[in-house]
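The primary structure of each chain is shown beneath.
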Amino acid sequence: GAVVSQHPSRVICKSGTSVKIECRSLDFQATTMFWYRQFPKQSLMLMATSNEGSKATYEQGVEKDKFLINHASLTLSTLTVTSAHPEDSSFYICSARGTGARTHTEAFFGQGTRLTVV
Amino acid sequence: LAKTTQPISMDSYEGQEVNITCSHNNIATNDYITWYQQFPSQGPRFIIQGYKTKVTNEVASLFIPADRKSSTLSLPRVSLSDTAVYYCLVEGSQGNLIFGKGTKLSVKP
C-alpha cells in the first residue's frame, strides 16, 4: 500500500516551452505533498510544500512564478515548469504524506521525472 | 538547513554487516528518525523509522540511544544490490522533509 505515481518518467522539451509533471497518491489521501529537485551526484533539494486546497509554500530561492504547483485534490499535485531553460534540466521528485497511521509519519516518493530542456 | 550529519561515503564487501551512523543533535521531542534508500534516477525508498531504542524489520535495524542525538542504521549481510545512497531524516508529522547529503554506500564483491 501507499503508492505514489509520478508521470512522466522522462520528458524532453524545447527551451521556452512549459512542462507539467503529475504526482498521484494511488491508495491514500495525500494531505501534504513535497516537490524536490535533484542535480547529478547531489542530494534532494526541497522546492516547495503544498497542502490540499492551499497555496504552496516555496523554499527560499525557488521562483513561484516559474515553478507552478497545484494541489487541487487529495490525490493529485502538479508541478509546471514554465518557460523552461536548459538550466532547469534536472530530476524532479514528488513525495506525499497522508493522515493514516502509516502515511502520517512516513512520506512516500514518486519514481521521479527526468527533465531535459534542449 | 539539514538537521542531520552522516559520513559522505562508506565501502563494504558482500556478506558484511554495514552500520551507518547519523548525528542529529537538535532533534525535537516529536521528531521521528527515518532512513531512506535511493538508487540512481529513482525516488527515495523508505527503509525504516523509529523514535527510540531499537526497531527491526525485514531489511534493517535502527538503533537509537536514549538521548536520541544519533541513530545507527544496520544492514545485515549486504549484497551488491545494496549499493545506493542512504539518507537519514528527522522530522515531525507536520514538518518538511529536508534531506542532508546522505551516505553513498558501495558494496564490492
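Residues numbered from 1 in each chain as written. Chains lettered and ligands numbered in written order. Predicted model: local features only at pLDDT ≥ 70, side-chain atom pairs only at ≥ 80, totals over all residues. Heavy atoms only, no water.

Focus on the overall build of chain B
Secondary structure assignment for chain B yields zero helices and nine strands. Start at the N end of chain B and walk to the C end: the helices and strands fall as β-β-β-β-β-β-β-β-β. Taken over C-alpha atoms, the radius of gyration comes to 13 Å for chain B, in line with the 13 Å a tight globule of 109 residues would show. Along the first, second and third principal axes, the C-alpha atoms of chain B reach 40 × 30 × 20 Å. (Helix = DSSP H or I, 4+ residues; strand = E, 2+ residues; numbered from the N terminus. Rg over C-alpha atoms; globule rule 2.2 N^0.38 Å.)

Things to note about the state of the cysteines
Residue and element names in this part refer to chain B. Applying the stated criterion across every chain yields a total of two disulfides over all chains. Paired through a disulfide, Cys22 and Cys88 show a sulfur-sulfur distance of 2.2 Å. Negative torsions about the S-S bond denote left-handed disulfides, and the value of about -80 degrees found for Cys22 with Cys88 makes this one left-handed. You can see Cys22 sitting in strand S2 (residues 18-23) and its partner Cys88 sitting in strand S8 (residues 84-91), a full 66 residues away along the chain. (Disulfide = S-S within 2.5 Å.)

So, the interface of chain A and chain B
Across the boundary between the two partners, chain A contributes 21 residues, which contact 21 residues of chain B. With both sides pooled, the region where chain A packs onto chain B buries about 1,600 Å², and carbon together with sulfur makes up 51% of that total. For the pair chain A and chain B, the interface holds one salt bridge. Glu91 of chain B is the partner of Arg97 of chain A in a salt bridge, and the nearest nitrogen-oxygen pair spans 2.1 Å. On the surface where chain A and chain B come into contact, there are seven residue pairs in polar contact (both at pLDDT 80 or more). Counting only elements with at least two residues in the side of chain A that touches chain B, the list comes to strand S4 (32-38), strand S5 (45-51) and strand S9 (90-97) of chain A. Among the elements that take part in the side of chain A that touches chain B, S9 of chain A stands out by supplying four residues, more than any other. Partitioned by chemical class, the residues of the side of chain A that touches chain B number eight nonpolar, nine polar and four charged. (Contact = heavy atoms within 4.5 Å. Buried area = accessible area lost by both parts, 1.4 Å probe. Salt bridge = Lys/Arg side-chain N within 4 Å of Asp/Glu carboxyl O. Polar contact = N/O pair within 3.5 Å; in protein donor to acceptor, adjacent residues only side chain to side chain. Nonpolar A, V, L, I, M, F, W, Y, C, P; charged D, E, K, R; others polar.)

Quick notes on the layout of surface pockets
Remark: the empty space left among the atoms is shown by a probe the size of a water molecule rolled over them. Here the largest pocket defines a volume of roughly 550 Å³. Gln38, Pro40, Lys41 and Gln42 of chain A together with Val85 of chain B are the residues nearest the centre of the largest pocket, which is lined by 22 residues in total. At the level of secondary structure, the elements contributing two or more residues to the lining of the largest pocket comprise S8 and strand S9 (103-108) of chain B. Its residues assigned to classes, the lining of the largest pocket shows 10 nonpolar, eight polar and four charged. (1 Å grid on protein atoms, 1.4 Å probe; cavity = no way out; pocket = protein on both sides within 12 Å on 5 of 7 lines; lining within 4 Å. Points joined across faces, edges and corners; volume = space filled by probe spheres on them.)

With respect to the side chain of Asp88 of chain A
Within the fold, Asp88 of chain A resides in the loop between strand S8 (76-81) and S9. In this structure Asp88 of chain A touches Lys66, Phe67, Val81, Ser83, Leu115 and Val117 of chain A, once residues within four positions along its chain are discounted.

Topic: the sheet that holds S2 of chain B
All names here are of chain B. The four strands are arranged S2-S7-S6-S5 in an open sheet whose pairing can be described as antiparallel. Looking along the sheet, the strands with just one partner apiece sit at the ends: S2 and strand S5 (53-56). Averaged over neighbouring strand pairs, the angle between their axes works out to 15 degrees when direction is ignored. (Pairing = 2+ DSSP bridges. Axes fitted to C-alpha atoms, helices over the stretch in contact; angles between N-to-C directions.)

Quick look at the sheet that holds strand S1 (residues 4-7) of chain A
Residues and elements named next belong to chain A. The sheet built from four strands is open, its strands ordered S1-S3-S8-S7 with antiparallel pairing. Two strands close off the open sheet at either side, each with one partner strand: S1 and strand S7 (67-73). Between one strand and the next, the sheet's axes are offset by a mean angle of 15 degrees, whatever the strand orientation. Where strand S3 (residues 19-25) meets S8, six bridges bridge the pair, whose relative direction is antiparallel. Within S8, the residue paired with Lys20 across the bridge is Thr80.

Focus on the packing of aromatic side chains
Both the distance between ring centres and the angle between the ring planes are used here to describe each pair of aromatic rings. Per the counting criterion, the structure on display carries 10 aromatic pairs over all chains. For the ring pair Phe28 of chain A and Phe108 of chain A, a centre distance of 5.7 Å and an interplane angle of 55 degrees mean the geometry is tilted. A residue pair is termed long-range when its members are at least 10 positions apart, and Phe28 of chain A in the loop between S3 and S4 and Phe108 of chain A in strand S10 (residues 108-109) qualify at 80 residues. For the pair Phe28 of chain A and Phe108 of chain A, a shared accessibility class is recorded, and that class is buried. Chaining the aromatic ring pairs together yields one cluster made of Tyr36 and Phe109 of chain A together with Tyr36, Phe46, Tyr87 and Phe99 of chain B. Over the ring of Phe67 of chain A we find Lys66 of chain A; its NZ or CZ atom is 6.0 Å from the centre of that ring. (Phe/Tyr/Trp six-rings, centres within 6.5 Å; stacked < 30°, edge-to-face > 60°. Buried < 20%, exposed > 50% of the residue type's maximum accessible area, 1.4 Å probe, protein only. Lys NZ or Arg CZ within 6 Å of the ring centre and 35° of its normal.)

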